[in-house]
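So you can see what is in the structure, the chains are spelled out below.
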Amino acid sequence: MTQGRPLLNRRLAEFGTTIFAEMSALAVRTGAINLGQGFPDTDGPEEVREAAVRALRAGHGNQYPPGPGIPELRTAIAAHQQHRYGLAYDPDTEVLVTAGATEAIAASLLALLEPGDEVVALEPYYDSYAACIAMAGATRVPVTLRPDTSAGTYRLDLDELRAAVTPRTRLLLINTPHNPTGTVLIREELAAVAALACERDLLVVTDEVYEHLVFEGEHLPLAGFPGMRERTVTISSAGKTFSYTGWKIGWITGSPELVTAVRSAKQFLTYVSGGPLQYAVAEALRLPDRFYAELRADLLAKRDLLCAGLAEAGFAVYRPAGTYFVTTDIRPLDASGDGIAFCRALPERCGVVAVPNAVFYDHRDQGAPFVRFAFCKRTEVLQEAVTRLRKL
Ligand SMILES: *Cc1c(COP(=O)(O)O)cnc(C)c1O
C-alpha cells in the first residue's frame, strides 16, 4: 500500500491470484502428472521449427516486422480462411497479426469497448476474457453453458442468451470450440447468435483458436453467417493448431474498419512480436490438409483414451466434441462436489493435476463439481495418468 491504497487497481483486484500457479507448484512439488495446463508436451512439425531457424539465420524478422504482421503471413492467413471456409479477406486491410490470441482478445476488447458497456460471454470462460473486459472498464454478463447429463455434453440456452442482451450490450464474446467444456457450437446455435447480433446491432468477437481440433461435427466460423462479416472479429492462433504455444503468433480477421480499430489498441500493447516466427507460421499455414487430419486423429485417440480412463476411475465424463480438454463431474467420486478442494488434494492422492472449472465461472456454484483434464500429452503420459487415477 502507498497513500493508504492497494497497489493493484480496483479493476484487476479480483484477478490477483489464480489457482493455476498453485496447481503447477503442487505438480512440481509432488512430481504429479500435470493435466491441468493446456499445452502439448511435444513440439509441432519439425519443418515448421526448421522454417523458424532458417528465418532467424537469414535475418528475416530479426528487426521490427511491419505493424500489421509480415505480408507472407497475412497472405497465408487469408488463404487459410478462403480454403477452409470460403471466407475472403484482404491480407492488407482485413488481417492483423498479434502476440497470440491473448493479445488479439485484449486489443479487440480494449479497442471496441467503452467503460460501462456490457459484454455477453459464454460461461465458463477462458480466464483472460474477464480480465480484459475489466481492463476496458466494461461489465461482463455471463451466459452459462448448461450440462446435459444424459447426453454428456454442454449446450447453449438460446433463450438465456437473448435475455442477457440489454440496451447497454455492445458485444458478444463467443468461443467455439469451447474451452473448458469442449463444446462445439452447432449450426442452429451459431445461426441464433448471428441473428441476435444482427437484430440488436451488436459486435461479435469470436475466439476460434481450437478451429482445427474438432472430433464431432464441424467448426463453422461465425463470420460466415449472414450479416456477420462486417460485425465480427475472428481470432485464431498458431499455438494450438501447430503445437507451438510458446511462439505466441495469433491473428484476427475482420472488416477493414474493425481491423483498423483493433490495430489502434494493439500498436500500444506489443506493437509487434515474433518476427522470425511469423515466417515459420506462414509456412505452417501452407501444410497440406493431411496435417490437420493427422492432428485430429492423434488427439481423437488421446481423447478416447483419457475419457475411458476417467470413466473407469468413476468420473462422470463430458466427452468433448472439440479442443484438447475434457470436463468431468466429480460427484460420483466425491459427494461434497467441491472441485477446488478435489483438485488441491488430487496430486497427493494419486499423482495427477487437474483444474477446477469453478475458476472459469462467475456463478461459482454452477461450476463447483466440474474438473478439467488436458489430453494434449504423449500417449504414455496419458496411460500413466489413467493408471494413477484408477487408485481413486
Ligand atoms: C490457449 C487459448 C488462448 C490463447 O492463445 P495464445 O495464442 O496462446 O495467446 C485463447 N483462447 C482460448 C480459448 C485458449 O484456450
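Every chain is numbered on its own, with residues counted from 1 as its sequence reads. Residue-level local features of this predicted model are given only where pLDDT is at least 70; pairs of side-chain atoms are given and counted only at 80 or more, and the full residue set underlies all totals for whole chains, interfaces and linings. Hydrogen atoms and water are omitted, and side-chain values are computed over all heavy atoms in the structure.

(A) Expanded view of helix α2 (residues 46-58). Helix and strand assignments come from DSSP, with helices taken as H or I runs of at least 4 residues and strands as E runs of at least 2, each series counted from the N terminus. By this rule the span expected of a helix is its residue count minus one, scaled by 1.5 Å. If you check α2, its first and last C-alpha atoms are 18 Å apart, about what 13 residues at 1.5 Å a residue would give, namely 18 Å. Residues of α2 that are buried include every one of V48, A51, A52 and A55, and no others. Angular distribution of buried residues about the axis of α2 spans 100°; they occupy a single face of the element. Looking one or two residues past α2, G59 carries a phi angle of roughly 75°, positive in sign. The buried label applies to any residue whose accessible area, calculated with a 1.4 Å probe on protein chains only, is under 20% of its type's maximum; exposed applies above 50%, and partly exposed to all values in between. Think of the arc as the fan of directions from the helix axis to the C-beta atoms.

(B) Expanded view of the site of the ligand. In the vicinity of the ligand lie 13 residues, with T102, D207, Y210, S237 and K240 positioned nearest. Within 3.5 Å is the distance limit for a polar contact, defined as a pair of N or O atoms, with the added protein rule that one can donate a hydrogen and the other accept it, and that residues adjacent in sequence qualify only through two side-chain atoms. The contact in question runs from an oxygen atom of the ligand to an N or O atom on the side chain of K240, over 3.1 Å. The separation between an oxygen atom of the ligand and a polar side-chain atom of K248 is 2.7 Å. A total of 390 Å² of accessible area belongs to the ligand in isolation, and the protein chains cover 94% of it. Method remark: on a 1 Å grid restricted to protein atoms, a set of points is classed as a cavity if a 1.4 Å probe fits but cannot get out and as a pocket if it is open with protein on both sides within 12 Å along at least five of seven lines; lining residues have an atom within 4 Å of a point. Pocket occupancy is defined atom-wise: a molecule lies in a cavity or pocket when more than half of its atoms are within 2 Å of its grid points. Most atoms of the ligand, that is more than half of them, are within 2 Å of grid points of the largest pocket. The near set for a molecule or strand comprises every residue that places at least one heavy atom within 4 Å of it. All accessible areas in this document rest on Shrake-Rupley with a 1.4 Å probe, and a residue is counted as covered only by the protein chains that are shown.

(C) Geometry of the pairing of strand β12 (residues 325-329). For β12, a buried count of 5 out of 5 residues is recorded, marking the element as mostly surrounded by other parts of the structure. Summarising the sheet, strand β11 (residues 316-318) and β12 pair through 3 bridges and their orientation is antiparallel. Considered in β12, the bridge of A316 is made with D329. We call two strands paired when DSSP finds no fewer than two bridges between them. Where β11 folds back on β12, the antiparallel hairpin that results is connected by 6 residues, among which T323 adopts a positive phi of roughly 70°. Where β12 lies against strand β15 (residues 370-374), 5 bridges are found, and the strand directions are antiparallel. When the sheet's bridge partners are listed, T327 is paired in β15 with R372.

(D) Region of the structure containing the UniProt feature "domain: Aminotransferase class I/classII large" (unreviewed entry) in the chain. The sites that carry the UniProt feature "domain: Aminotransferase class I/classII large" (unreviewed entry) are, in the present numbering, residues 32-389. Taken end to end, residues 32-389 is 41% helix and 18% strand, and its first and last C-alpha atoms sit 11 Å apart. UniProt positions are given in the numbering used here, feature names are shortened, and annotations may be inferred rather than shown by experiment.

(E) Representation of the packing of helix α3 (residues 71-85) against helix α10 (residues 275-284) within the structure. At a minimum axis separation of 8 Å, α3 and α10 run at an interaxial angle of 30°. Classed by the angle they form, the pair α3 and α10 counts as roughly parallel. For the pair α3 and α10, the sense of crossing is left-handed. Residue-level inspection shows E72, L73 and A76 of α3 in contact with α10, the latter providing Q278, Y279, V281 and A282. Residues are grouped as follows: nonpolar covers Ala, Val, Leu, Ile, Met, Phe, Trp, Tyr, Cys and Pro; charged covers Asp, Glu, Lys and Arg; every other residue, Gly included, is treated as polar. Of the residues contributing to the contact of α3 with α10, the split by class is 5 nonpolar, 1 polar and 1 charged. Fitted lines through C-alpha atoms give the axes, limited to the stretch in contact for helices. The angle between two N-to-C directions lies from 0 to 180 degrees. Each angle gets one of four labels, with under 35 degrees taken as roughly parallel, over 145 as roughly antiparallel, 65 to 115 as roughly perpendicular, and the rest as oblique. Crossing handedness follows the turn of the near helix against the far one: under a right angle anticlockwise gives a left-handed crossing, and clockwise gives a right-handed one. Contacts are residue-level and defined by heavy atoms, with any inter-residue pair within 4.5 Å sufficient.

(F) Representation of the sheet that holds strand β14 (residues 355-356). Strand order in the open sheet formed by 4 strands is β11-β12-β15-β14, with antiparallel pairing between adjacent strands. With one partner strand each, in any of the chains shown, β11 and β14 form the two edges of the open sheet. Of the strands in this sheet, β11, β12 and β15 touch helix α11 (residues 289-313), which is tilted by about 15° from β12.

(G) A look at the nonpolar core. Remark: nonpolar core denotes a set of buried residues (Ala, Val, Leu, Ile, Met, Phe, Trp, Tyr, Cys) joined through side-chain atoms within 4.5 Å. L171, L173 and F373 are the most contacted members of the largest nonpolar core, which totals 70 residues. Here the element with the most residues in this core is helix α4 (residues 100-112); it accounts for 7 residues. Not counting chain neighbours up to four residues away, the residues in contact with L173 comprise L109, V119, V120, A121, L122, Y129, I133 and V205.

(H) Representation of the packing of aromatic side chains. Between the rings of Phe, Tyr and Trp (Trp by its six-membered ring), a pair exists once the centres lie within 6.5 Å; its type follows the angle of the planes, with under 30 degrees stacked, over 60 edge-to-face, and the other angles tilted. Inspection of every chain in the model, using the stated rule, returns 15 aromatic pairs. Ring plane angle 65° and centroid distance 5.8 Å describe the contact between Y126 and Y129, whose orientation is recorded as edge-to-face. In this structure Y126 comes out as partly exposed when scored by relative accessible area, which is 25%. On the basis of relative accessible area, Y129 is assigned to the buried category, the value being 2%. Taking 4.9 Å as the distance between ring centres and 50° as the angle between the ring planes, the aromatic pair formed by Y154 and Y318 counts as tilted. Of this pair, Y154 sits in strand β6 (residues 153-155) while Y318 sits in strand β11, and the two are 164 residues apart along the sequence. Given the relative accessible area of 1%, Y154 is considered buried.

(I) Main features of the side chain of T323. Inspection of the secondary structure puts T323 in the loop between β11 and β12. A distance of 3.1 Å separates a polar atom in the side chain of T323 from the backbone nitrogen of F325. With near-sequence residues (within four places) excluded, T323 lies in contact with P177, H178, N179, G182, Y210, L213, F215 and F375.

(J) Main features of the pattern of salt bridges. Here, a salt bridge means any Lys or Arg side-chain nitrogen found within 4 Å of an Asp or Glu carboxyl oxygen. With the rule as written, the count across this model stands at 26 salt bridges. For the salt bridge of E189 with R155, the shortest nitrogen-to-oxygen distance reads 2.8 Å. Placement of E189 in helix α7 (residues 187-199) and of R155 in strand β6 is noted, with a sequence separation of 34 residues between them. Note on E189: relative accessible area 5%, which makes it buried. With a relative accessible area of 28%, R155 lands in the partly exposed category. When the shortest N-O distance is used, the salt bridge between R390 and E312 registers 2.8 Å. Of this pair, R390 sits in the segment after α14 (379-389) while E312 sits in helix α11, placing them 78 residues apart in sequence.

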